[in-house]
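Overview (structure and organization)
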Amino acid sequence: MTFVRRFDHVGITVADLDAVTAFFVSLGLEADPKMAVEGEFLDTVIGMTGARTEIVMLRPPGGGTTLELSSFTRPDHLPGSPAAQANELGLRNVAFEVHDLHAAVDHAAADGYGLVGDIADYEGVWRMAYIRGPEGIIVSLAERLDK
């Protein structure tokens, strides 16, 4: 039996919701209005009592899988590892296909977000780079070369 119908979203918990939202919007994602979630539903699903979070859903132009950014106002968030390396356990990156990798990397650098390593080509098909975005989030950007 197959349970999964489709890939819906990836959720990332952040401290500064506005700054992280602005970063992803600057890369080209479209943001829904910020919304607050609290109450019995949230408490039940996440297994915490009295929780409150603000959420922004972001989507690529034309639709597709969304990115959920969430910032807890109750309870206080716990610090993550903003310098996590690619081999640390857990969610390590969120990936996007881009039109012009070099321009996207330059744009991120102008906002203070640098490369984790360097830009590399994979078998003449993909050009790829990891950027360390706000709060240490690693963003994988890839440009298709064989189109």
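Bear in mind that the values here come from a model prediction, so they are computed numbers and not experimental data.

Thoughts on the UniProt feature "domain: VOC" (unreviewed entry) in the protein chain
Sites flagged by UniProt as "domain: VOC" (unreviewed entry) map to residues 6-144. Along residues 6-144 one finds 20% helix and 36% strand; the C-alpha atoms at either end are 24 Å apart.

A short note on the environment of Gly64
Counting through the fold element by element, Gly64 comes out in the loop between strand E4 (52-59) and strand E5 (66-74). Here the alpha-carbon distance between Gly64 and His9, two residues 55 residues apart in the chain, equals 8.9 Å.

Notes on the packing of aromatic side chains
Under the defined criterion, the tally for this structure stands at three aromatic pairs. On the basis of an interplanar angle of 70° and a centroid distance of 4.8 Å, the ring pair of Phe23 and Tyr113 is categorised as edge-to-face. Taken together, the residues span a long stretch of sequence, with Phe23 in helix H1 (residues 17-27) and Tyr113 in the loop between helix H3 (101-110) and strand E7 (120-122) at a distance of 90 residues. One aromatic cluster in this structure is built from Phe23, Phe24, Phe96 and Tyr113.

Looking at H3
For H3, the full list of buried residues reads Leu101, Ala104, Val105 and Ala108. For H3, the angular spread of buried residues about the axis comes to 100°, placing them on one side. Exposed residues lying more than 90 degrees from the buried face of H3 are Asp106 and Ala110. Where H3 is buried, its residues touch strand E8 (126-132) and strand E9 (138-144).

Re the pairing of E5
With five bridges connecting them, strand E1 (residues 9-13) and E5 associate as parallel partners. In the sheet register, Ile12 faces E5, and the bridge partner there is Leu69. In this sheet, E5 lies alongside E4 in antiparallel orientation, the contact comprising seven bridges. Paired with Met57 across the bridge in E5 is Glu68. Hairpin remark: E4 followed by E5, antiparallel, with six residues in the connecting loop; positive phi at Gly62, about 90°.

Considerations on unusual backbone geometry
A cis geometry characterises the amide bond from Arg74 onward to Pro75, with omega recorded as -20°. For Pro75, the position within the fold is in the loop between E5 and strand E6 (93-97). Residue Glu123 is not a glycine yet carries a positive backbone phi of 50°. Relative to the helices and strands, Glu123 resides in the loop between E7 and E8. Its identity as a non-glycine residue notwithstanding, Glu135 has a phi of 60°, on the positive side. Positionally, Glu135 belongs in the loop between E8 and E9.

Cut-offs and rules
- Residues numbered from 1 in each chain as written.
- Predicted model: local features only at pLDDT ≥ 70, side-chain atom pairs only at ≥ 80, totals over all residues.
- Heavy atoms only, no water.
- UniProt positions renumbered as here; feature names shortened; annotations may be inferred.
- Helix = DSSP H or I, 4+ residues; strand = E, 2+ residues; numbered from the N terminus.
- Phe/Tyr/Trp six-rings, centres within 6.5 Å; stacked < 30°, edge-to-face > 60°.
- Buried < 20%, exposed > 50% of the residue type's maximum accessible area, 1.4 Å probe, protein only.
- Arc of directions from axis to C-beta.
- Contact = heavy atoms within 4.5 Å.
- Pairing = 2+ DSSP bridges.

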